[in-house]
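One-letter residues, chain by chain:
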Amino acid sequence: MKYKDTMTIRYNYEYNELDSLAELLEEKAAEGWELTSKTGASLGFRKGRPRKSKFSVEIVYPDEQDIDNEQFVAYCRASGWNHVFSDGKLQIFETEDMEAEPIHTDPAVKLKIIHRKCWKSQLLLAVLGFAGTMAYYIFFLKNFDYYNLINNTSAPIIVGFPVLMLLLLLLTFSYIKWYLQAKRAVETGGKPVYKRRLLSRIGDKVLLIYIFIGQWGAILLNAYYNGSKSYFCYQVCFMAILVILLIGFPIVSARRNKERRGNFAVFMAVVILVGVVGGVISPLFIDTEENIRIDGFNEETAEHPLPLTVEDLGVQTVEERERGWKQNGSLFLQKFSGMDESQNEGDPFLYYTVYKGNMKRFGKYVLEYIGFSREAYVQVDGSQFGVMEAFYDQEAGRWVLISEDKIVTMRTNILLNEKQKAQIGKKLL
């Protein structure tokens with residue numbers, strides 16, 4: 001984000017990539033930007049004079065001589081390096097003397113400090129990657145069922161989680177490779193390279209995509225396939241709050257040159273405001289009829305008419321009747337349920353659920369979910385419905401119709417003739 005006199009950029013890096021951060025600061029200094037703040041991965045700059053400077057980004061660790069931040073900064077200042085910014089153990093220095101001696105003149109000491117900071121985080125990545133992969137296989141793949149298909153939050157797990165776990169393991173192996181190369185360089189009298197690795201840059205973007213597009217996108221898809229405007233609206237408000245906290249907070253903190261706690265009250269007020277505004281405006285544009293429930297079903301409205309009613313089957317109805325619908329689904333499988341009851345002679349009723357998706361691939365999960373067993377049903381001629389297979393349980397009055405892209409379960413007390421079966425196939429399949 002860039003304005004006339006201030007600028008905020010996001011720059012993520014690992015501790016063995018600090019020279020890349022120094023190079024970025026040198027480029028910004030040449031363009032006339034001065035570093036004013038650092039909050040997480042967000043760097044805040046203020047417009048100043050263009051200058052040719054040399055930056056050094058260092059990590060301070062208490063060692064055998066118990067050198068702390070203040071002592072380290074004092075030592076660097078005495079060596080001609082100006083202290084620019086402090087972020088915990090991370091210290092940023094600048095000098096306009098392009099021939100100035102590096103702060104660390106012994107490559108072995110610097111490598112030891114960097115490795116001391118990195119190895120725990122890299123070990124954690126390896127443990128998370130291995131444990132996550134095992135958990136994915138044991139608890140997800142081996143127990144994959146209908147509920148995973150119908151829920152959009154499973155989609156990022158199905159597609160993205162293995163990639164994410166593989167990436168964590170690759171990052172660990174990448175660091176091990178770097179460390180061995182750096183150690184070999186020190187032993188042969190050279191200097192390690194502390195530049196950004198391609199895999200690190202890719203990992204940063206993949207993680208952001210997985211969190212923001214994968215997980216939050218799945219939440220919105222759940223709301224969309226649920227057919228509820230109110231649910232969708234509330235989820236958007238919830239996402240807005242999270243975006244404000246996770247992205248806006250560090251950016252504004254960096255721009256205002258404050259620590260995170262300095263803006264905490266402001267952002268909590270914004271979060272509360274977003275929640276309140278979302279709750280207030282929702283009823284203004286949401287059709288309240290959508291939220292009327294009858295035994296867990298939405299009442300039929302002009303906006304959501306039932307695709308199949310008892311009248312479509314030639315049965316006369318009276319005014320007193322109950323009709324309703326509900327829906328949900330995911331990118332893999334959509335589900336629509338309808339009910340139609342009339343209180344005239346015989347109390348005709350019609351309940352049906354339509355599952356839509358690639359049934360060659362996912363049909364077995366749907367059939368398992370509805371408790372279908374070929375032994376409990378009688379197979380009948382499916383051509384009357386226009387499907388590949390049709391099954392009927394006379395005792396329960398239940399039908400199961402199977403086509404390439406749909407499975408329909410239906411229960412009715414209406415004795416269906418050929419014309420009615422054709423109508424069902426036309427309306428539902």
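To be clear, the structure that these remarks concern was listed above.
So, here is what we can say about the structure in this document. Source: prediction; values computed, not measured.

**Here we look at empty space enclosed by the protein**
For the coordinates displayed, the defined rule picks out two cavities of 30 Å³ or more. A volume near 30 Å³ is recorded for the second largest cavity. Elements supplying a minimum of two residues to the lining of the second largest cavity: strand E4 (54-59) and helix H3 (107-141). Residues that form the lining of the second largest cavity fall into these classes: five nonpolar, one polar and two charged.

**Notes on the side chain of Thr409**
Along the chain, Thr409 turns up in strand E15 (residues 406-412). For Thr409, the contacting residues outside a window of four places in its chain are Tyr351, Tyr352, Thr353, Tyr355, Ile370, Arg398, Trp399 and Val400.

**Description of the sheet that holds E4**
Read from one edge to the other, the open sheet built from three strands follows the order E4-E6-E5, with strand pairing classed as antiparallel. Lying at the two open borders of the sheet, with one neighbouring strand each, are E4 and strand E5 (82-87). Here the average twist between neighbouring strands, direction ignored, is 20°. Of the strand pairs in this sheet, E5 and strand E6 (residues 90-95) are connected by five bridges, and their pairing is antiparallel. If you follow Ser86 over to E6, its bridge partner there is Gln91. Across the sheet, helix H1 (residues 18-30) is in contact with E4 and E6; its angle to E4 comes to roughly 150°.

**Some words on a nonpolar patch on the surface**
On the surface, Phe130, Met134, Tyr137 and Ile138 cluster together into a nonpolar patch covering about 410 Å² of accessible area. Following the sequence through the fold, Tyr137 ends up in helix H3. Look at Tyr137 and you get partly exposed, because its relative accessible area is 46%.

**Some thoughts on the pattern of salt bridges**
Here the structure, examined in full by the defined rule, presents seven salt bridges. Lys28 is the partner of Glu31 in a salt bridge, and the nearest nitrogen-oxygen pair spans 3.8 Å. Judged by relative accessible area, Glu31 falls into the partly exposed class, the value being 41%. We classify Lys28 as buried; its relative accessible area is 14%. Of the charged contacts, one joins Glu96 and Arg49 as a salt bridge, the two residues approaching to 2.5 Å between their closest N and O atoms. Residue Glu96 is found in the loop between E6 and H3, and its partner Arg49 is found in the loop between strand E3 (42-47) and E4; the two are separated by 47 residues along the sequence. Looking at Arg49, the relative accessible area reads 46%, which means it is partly exposed.

**Topic: the environment of Arg49**
Residues Arg49 and Gly32 lie 17 residues apart in sequence; the distance between their C-alpha atoms is 4.7 Å. A polar contact is formed between the side chain of Arg49 and the side chain of Glu96, at a distance of 2.5 Å.

**Description of the pairing of E4**
Among the six residues that make up E4, five are buried, leaving the element largely enclosed by the rest of the structure. Both E4 and E6 contribute to a ladder of six bridges, which runs antiparallel. Along E6, the bridge assignment pairs Val57 with Ile92.

The rules behind the values
Residues numbered from 1 in each chain as written. Predicted model: local features only at pLDDT ≥ 70, side-chain atom pairs only at ≥ 80, totals over all residues. Heavy atoms only, no water. 1 Å grid on protein atoms, 1.4 Å probe; cavity = no way out; pocket = protein on both sides within 12 Å on 5 of 7 lines; lining within 4 Å. Points joined across faces, edges and corners; volume = space filled by probe spheres on them. Helix = DSSP H or I, 4+ residues; strand = E, 2+ residues; numbered from the N terminus. Nonpolar A, V, L, I, M, F, W, Y, C, P; charged D, E, K, R; others polar. Contact = heavy atoms within 4.5 Å. Pairing = 2+ DSSP bridges. Axes fitted to C-alpha atoms, helices over the stretch in contact; angles between N-to-C directions. Patch = residues over 30% accessible without salt bridge, like charges linked within 9 Å, V, L, I, M, F, W, Y side chains within 5 Å. Areas by Shrake-Rupley, 256 points an atom, 1.4 Å probe, with all protein chains shown as cover. Salt bridge = Lys/Arg side-chain N within 4 Å of Asp/Glu carboxyl O. Buried < 20%, exposed > 50% of the residue type's maximum accessible area, 1.4 Å probe, protein only. Polar contact = N/O pair within 3.5 Å; in protein donor to acceptor, adjacent residues only side chain to side chain.

Remember, this is a structural readout, not a statement about activity or role.
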